[in-house]
Amino acid sequence: MAKRESAKIVCELLINELQRLKNVKKKKRVWVRDWIKKRNTLGATNNICQELSLEDQSSYRNFFRMDPSLHLYLLSKIKVAIQKEDTNMRLAIPAECKLNVTLRFLATGDSFSSLQYLFRIPKNTVSTFIPEVLDAIYSALLDFLKVPNSIEEWKEIEKGFNEKWNFPGCIGAIDGKHMAIRAPMFSGSEYYNYKNSFSIILMAVVDANYCFRYIDIGAQGRHSDGGVFDHCSLRRMIEQNKLHIPENFVFVGDEAFPLKSYLMRPYPRRELNTDCKIFNYRLSRARRTVENAFGILVSRFRVFEKPIATSVPTAVKIVKTACALHNWLQTRYDSNYFSLGLIDKEDLEHYTFTPGSWREESKSNELIQLQPLPPRFPDRNARELRNYYCNYFNGVGAVPWQNEIIR
């Protein structure tokens, strides 16, 4: 009996203590931390950004990847879309702060925690508005990323490849890259690629000036490379004649793509004769534009140097917005957008090739090449067109240095 009474007393005490704890009012959490309240006086937007704008525009350009004038222009284009209204509880974060955080994120790939301390904006708030700002930037710059849709536009691109890269009839270099991402939750092996990492695939067509003319983003890394092209919208639009491409104009790609009447790929490397080697060299010369475009993209936007630590939908927005910014800045800056040492260079007098610095950097970043596609059985028209180009490059279309280069 004594034990039962003791147990009863203990239970009553526990019940009373639990009831007391339940009735105790929880201490309210801090609504806004004191150091965040000092955003307008000590945050990066009103301090280091203003200093660089007035005193060191070269460093400002390095900080945001653009000059103050372009920054102001971009802000004017998206301000209405990203600016929220003030409330009785708190003031809204200025649109300029949001744009600054987003551009710095793209330029460096800094974590949201790091950006939180630099700009004095909570990281959960940063993670909320960055996708919104990315959407606004992409919408504002969409005209710089439009797929050509007229004979005149395609002919202008073909002129660039003919004059700069000696490949008449070429209207774009096509390639794809695995853009590394953090493993999505509950995704299994859907995004797991052949390099034993997780990725989404960026399929792109680039013109002679390293500008993206078409992008397709978001295919899961597990997909075969031929399958990505077969299911991308570009192939469907071409084969359904929706892009008004002139007859016998072609894209150029590497071994990851099939040979089509509108898409040239190299001859298989086994048992190449001199004529085929020259064709492969001339094609690779034009195709390197897309490789260099990817290299420039990663060099200017360091968010791609490591796996993107966001959700997949946000990662897709990051990639397409970076492509739009790349085209816009390339158009505005022309040759000053990047250093010449960044891209490949040929010395045609001494028959030497110097790889761009991005190639060395790519060994440590998270940009992964597509796998070569085993040769298929292309249709007759595709084989005949490739043979025509081969004969042309070894005949009237030959360039003086090609024989020395392939040795």
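Please read all numbers here as calculations on a predicted model, not as lab measurements.

Calculation notes
- Residues numbered from 1 in each chain as written.
- Predicted model: local features only at pLDDT ≥ 70, side-chain atom pairs only at ≥ 80, totals over all residues.
- Heavy atoms only, no water.
- Buried < 20%, exposed > 50% of the residue type's maximum accessible area, 1.4 Å probe, protein only.
- Helix = DSSP H or I, 4+ residues; strand = E, 2+ residues; numbered from the N terminus.
- Arc of directions from axis to C-beta.
- Contact = heavy atoms within 4.5 Å.
- Phe/Tyr/Trp six-rings, centres within 6.5 Å; stacked < 30°, edge-to-face > 60°.
- Lys NZ or Arg CZ within 6 Å of the ring centre and 35° of its normal.
- 1 Å grid on protein atoms, 1.4 Å probe; cavity = no way out; pocket = protein on both sides within 12 Å on 5 of 7 lines; lining within 4 Å.
- Points joined across faces, edges and corners; volume = space filled by probe spheres on them.
- Nonpolar A, V, L, I, M, F, W, Y, C, P; charged D, E, K, R; others polar.
- Axes fitted to C-alpha atoms, helices over the stretch in contact; angles between N-to-C directions.
- Parallel < 35°, antiparallel > 145°, perpendicular 65-115°, else oblique.
- Core = buried A, V, L, I, M, F, W, Y, C linked by side-chain atoms within 4.5 Å.

### A look at helix H5 (residues 57–64)
Turning to H5, its buried residues are Tyr 60, Arg 61, Phe 63 and Phe 64. The arc that holds every buried residue of H5, seen down its axis, measures 160°, which confines them to one face. Looking at the packing, one finds that the buried side of H5 touches helix H4 (48–55), helix H6 (68–82), helix H7 (95–108), helix H8 (112–119) and helix H14 (312–333). With its phi angle positive at about 70°, Arg 65 sits one or two positions after the end of H5.

### Quick look at the packing of aromatic side chains
Two measures describe an aromatic ring pair: the distance that separates the ring centres and the angle between the ring planes. Scanning all chains against the criterion turns up 18 aromatic pairs. Both rings, one in Tyr 210 and one in Phe 338, keep their centres 6.0 Å apart while their planes meet at 85°; by these two values the pair is edge-to-face. Pair noted here: Tyr 210 is in the loop between strand E2 (199–206) and strand E3 (212–220) and Phe 338 is in the loop between H14 and strand E6 (345–347), with a separation of 128 residues, a long-range link. Accessibility assignment for this pair places Tyr 210 and Phe 338 in one class, buried. Ring centres of Phe 212 and Phe 294 lie 6.0 Å apart, and the angle between their planes is 50°; this geometry places the pair in the tilted category. Separated by 82 residues along the polypeptide, Phe 212 in strand E3 and Phe 294 in helix H13 (residues 274–300) bring together distant segments of the chain. Given the relative accessible area of 1%, Phe 212 is considered buried. Grouping aromatic residues by their ring pairs yields a cluster made of Phe 167, Tyr 267, Phe 279, Tyr 388, Tyr 389, Tyr 392 and Phe 393. Stacked on the ring of Tyr 333, the Lys or Arg Arg 61 has its end atom at 3.9 Å from the ring centre. Here the guanidinium or amino end of Arg 104 rests over the ring plane of Phe 63, the centre of that ring lying 4.1 Å away.

### Examining empty space enclosed by the protein
By the definition in use, this model includes 2 cavities of 30 Å³ or more. Within this model, the second largest cavity holds a volume of roughly 30 Å³. Around the second largest cavity, the lining residues are Val 147, Pro 148, Trp 154, Val 205, Arg 213, Tyr 214, Leu 234 and Phe 251. A class-by-class count of the residues in the lining of the second largest cavity yields 7 nonpolar, no polar and 1 charged.

### So, the packing of H5 against H7
Two elements in contact, H5 and H7, have axes whose closest approach is 7 Å; the angle formed by their N-to-C orientations is 80°. One element, H5, and the other, H7, form an angle in the roughly perpendicular class. Residues Asn 62, Phe 63 and Phe 64 of H5 form the contact with H7, whose participating residues are Asn 100, Leu 103, Arg 104 and Ala 107. Considering only residue class, the contact of H5 with H7 consists of 4 nonpolar, 2 polar and 1 charged.

### Some details on the nonpolar core
Membership of the largest hydrophobic core comes to 112 residues, with the highest contact counts inside it found for Met 66, Leu 74, Phe 212, Phe 301, Phe 304 and Leu 325. Setting aside its immediate chain neighbours within four residues, Leu 74 contacts Met 66, Leu 99, Leu 103, Ile 137, Leu 141, Leu 325 and Trp 328.

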